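Listed below, chain by chain, are the residues.
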Protein chains: 2
Amino acid sequence: MEPEKISTESYKGVRDFYPEDQAFFKYLTSTMREVVAKFGYAEYHASILEPAELYRSKTSDEIVNEQTYTFVDRGGREVTLRPEMTPTVARMVAAKRRELGFPLRLFSIPNVFRYERPQRGRLREHWQLNVDLFGSKSAHAEAEIISVAHALMIAFGATEDDFIIKLGSRNFLNALVRKLKLSDTDAKKLRSILDKRSKLGVGEFERQLVDLGIAAEMLDDKVVPEDVQAVLDILAARGITNAAFSPDIIRGFDYYSGVVFEVFDTHPMNSRSLFGGGRYDNLLALFNEEKVPGVGFGMGDVTIKDFLDVRGLLPAYIPTTHLYIAVANPEMVARAEELALMLRKENVAVAVDFGDKKLGDQIKAAAKHKIPYLLVVGEDEVTSGTYKVKNLASGEETALSGAELSTFFLNLK
Amino acid sequence: MEPEKISTESYKGVRDFYPEDQAFFKYLTSTMREVVAKFGYAEYHASILEPAELYRSKTSDEIVNEQTYTFVDRGGREVTLRPEMTPTVARMVAAKRRELGFPLRLFSIPNVFRYERPQRGRLREHWQLNVDLFGSKSAHAEAEIISVAHALMIAFGATEDDFIIKLGSRNFLNALVRKLKLSDTDAKKLRSILDKRSKLGVGEFERQLVDLGIAAEMLDDKVVPEDVQAVLDILAARGITNAAFSPDIIRGFDYYSGVVFEVFDTHPMNSRSLFGGGRYDNLLALFNEEKVPGVGFGMGDVTIKDFLDVRGLLPAYIPTTHLYIAVANPEMVARAEELALMLRKENVAVAVDFGDKKLGDQIKAAAKHKIPYLLVVGEDEVTSGTYKVKNLASGEETALSGAELSTFFLNLK
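All of these numbers come straight from a predicted model, not from anything done at the bench.

Thresholds, definitions, all that
Residues numbered from 1 in each chain as written. Chains lettered and ligands numbered in written order. Predicted model: local features only at pLDDT ≥ 70, side-chain atom pairs only at ≥ 80, totals over all residues. Contact = placed C-beta atoms within 7 Å. Nonpolar A, V, L, I, M, F, W, Y, C, P; charged D, E, K, R; others polar. Pairing = 2+ DSSP bridges. Helix = DSSP H or I, 4+ residues; strand = E, 2+ residues; numbered from the N terminus. Axes fitted to C-alpha atoms, helices over the stretch in contact; angles between N-to-C directions. Least-squares fit on C-alpha atoms with pLDDT ≥ 70 in both. Domains from an automatic or database assignment.

We now examine the interface of chain A and chain B. Contacts between chain A and chain B engage 77 residues on the former and 79 residues on the latter. For the side of chain A that touches chain B, a count of residues per class yields 38 nonpolar, 16 polar and 23 charged.

Sheet strands associate in pairs through backbone hydrogen bonding, adopting either a parallel or an antiparallel arrangement. All names here are of chain A. Across the sheet, 5 strands lie side by side as β16-β15-β17-β18-β19; this open sheet has mixed pairing. Because the sheet does not close on itself, it has two edges, and the strands there are β16 (350-352) and β19 (397-401). Taken over all neighbouring pairs, the strand axes of this sheet differ in orientation by 25 degrees on average, direction set aside. One ladder, built from 2 bridges, connects strand β17 (residues 373-377) with strand β18 (residues 386-391); its direction is antiparallel. Considered in β18, the bridge of Leu374 is made with Lys390. With respect to the sheet, helix α11 (residues 333-345) is in contact with β15 (323-327), β16 and β17, its orientation differing from that of β16 by roughly 170 degrees. Across the sheet, helix α12 (residues 359-368) lies against β15 and β17, angled at about 170 degrees from β15, the strand it touches most.

Let's shift gears to the relation of the copies chain A and chain B. With an RMSD of 0.1 Å, chain A superimposes on chain B once it is rotated by 180 degrees and translated 0.0 Å along the axis. With respect to symmetry, the two chain copies, as superposed, fit the operation of a two-fold axis. By C-alpha distance to the rotation axis, the residue of chain A lying nearest is Phe71 of chain A, at 3.4 Å. Here 100% of the interface residues in chain A have copies in chain B that are interface residues too; the copies meet face to matching face.

Another aspect to go through is the domain arrangement of chain A. Segmentation of chain A into domains returns domain 1 (19-310) and domain 2 (323-412). A straight line from the C-alpha centre of domain 1 of chain A to that of domain 2 of chain A covers 50 Å.

This is how it looks when you write it as structure tokens:
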């Protein structure tokens, strides 16, 4: 009895990365690693599995109760697939705070999970660069974190006209709540109104504020809070000109405690928040008595890919394999492998065909792999010791001896 | 009311990677990527979440029922954290078999999950290089896969004396089962006895074989099956001398269908199987009618780390940050950042202290980070334009102008 065929589809809302997708992912993460390393950040990592309690007290209830993947393991432990990395890095820093030096600069590129309806830019799993600086209360800390975000955008090929960095302040917001003596419920409403400002439109935004007894003038972006101004001054000294105060920038998570920021695309077709972060000075107090101030941000791979796509900044695919060696018949494979072995010693990446199919199909396979160069090993080549290296894109052929081959590929790099 | 403190421990059986752990992981994975790329393998990736049905028909029941993390998502779908990568890559290849060229060389370095009692080398989550070659029935395919495994061991600093590659054959085993007319139960028993050979000892091994009506001579490693001999001949031609037939090598998974192999540590303190793989020609038939032959192996990070540790082959930790800039007081930070900005443009990785703590503590932090060089920016340095670069390991100091600094670091690389 034939068993039923299994579907080749991946789990809903997650992605398969074929070589071309993975090559883009490699470009993205290599660029991220290069930029943050220059600022002195060291890479860390952790498992996607975390005790569920890690998310109970500090993220909004909505996330813990409706949006996480949480299950009970065979040992009765409640375990969560991390929905974000900040609680994890806070846990790790709290665990070794005596051994680690401060200021401590850390980054990671983890995958994070949210159970939600898949839609553009919001999959169930995405990858997210997390950059965090612990142990400094200086405004230079926020300025550096924002500078790293800025440097990343530039490294991806964006100009300062392509994006704007909007800064807000939780201190400013909290002062407003105190001044107006807002109840907890109304304070939450205010945060929600601010968060939805662009969606509400000016009229509805002001109407909802008035309902809470707040005049729109109280949220004037001309009156810059002190903490935001200090960061803006340092950014200006660093030569960053596309940053400005925006009172509606508050960020979703409850743990933010000071200056927060979001990077917005300025493109009319895609004018939305790309990513953001801010200061969270009290998060580590969840684990032990000592407070360790922190500031950081997270940048997701899907959003950045969309941004690069709209701007025409996606890099072309270049496979890591330089040369494909096809064979006139299976008896030639040993000779093809000798040649490949010699070239690999010279750091040329070579794939060999074992002659399962005829020559025409071997060449088609090389083309499907988008490998740039091809040569065929047959009786003639073995006798003469001369190989014709074909550029598969242009069709151009170069006749070379075995010894000349490695020089040919080294000069291409 | 103070909320209760949360534990800083990670979930049981998984690991936190602090910068030194991550640096080793980076060394491991970079070496893997470099070696396999030279053989023409392209990197792919997939989510850890897979539909549970993917593991039902082809892995042993034990794994699916007792050792996987399987749960039901909020949409009622049964989902599994992948326990191994082969079913995933088979699924991906089956899904795009018309677009992909064959032979197809793929690799990935995924994390995989097993619910089992944590013990040395057997965590609940580990990372595993997976190397697979699809579309060739040639013995050159097995030989290449084994050559890649061999090249990896050499790249990690091992010599041919440090490990031995043992080859077995599922064809040989199946022929034996047919010849002896063993029932399915007895065939399973035979596989189990072979799998436990080294644990059983010679006497018990032979006794259990006799119980099944098998004479020990039938499993003589002097009588090499044809398929294994063909691979051994190619390996010898490639200059690989530490490979041999061993009739007890069968591998656990049901999907193996031809030559299988395992790499063993030859160290008396750690003489165990490090990793292995083999040919699986029928796996893709689970997804569609077409058969696509495959051969591959998986190499786990924990086992390899243990191997390198025992052999004294673990690399020393070198942070990616070259220079730490401390400040005499917080007013100096702007000058320190100017200097850092200049050096970063020359590709020097620089961390700046924001002066939250006094100078002595800043230097201690740099030492905790193991950053090799330090300089202090104070009134004197700003006035003179000369900086003393200190090698924190040797204590040696070099006085340099701002312009000389970048040359100093470029020459170090």
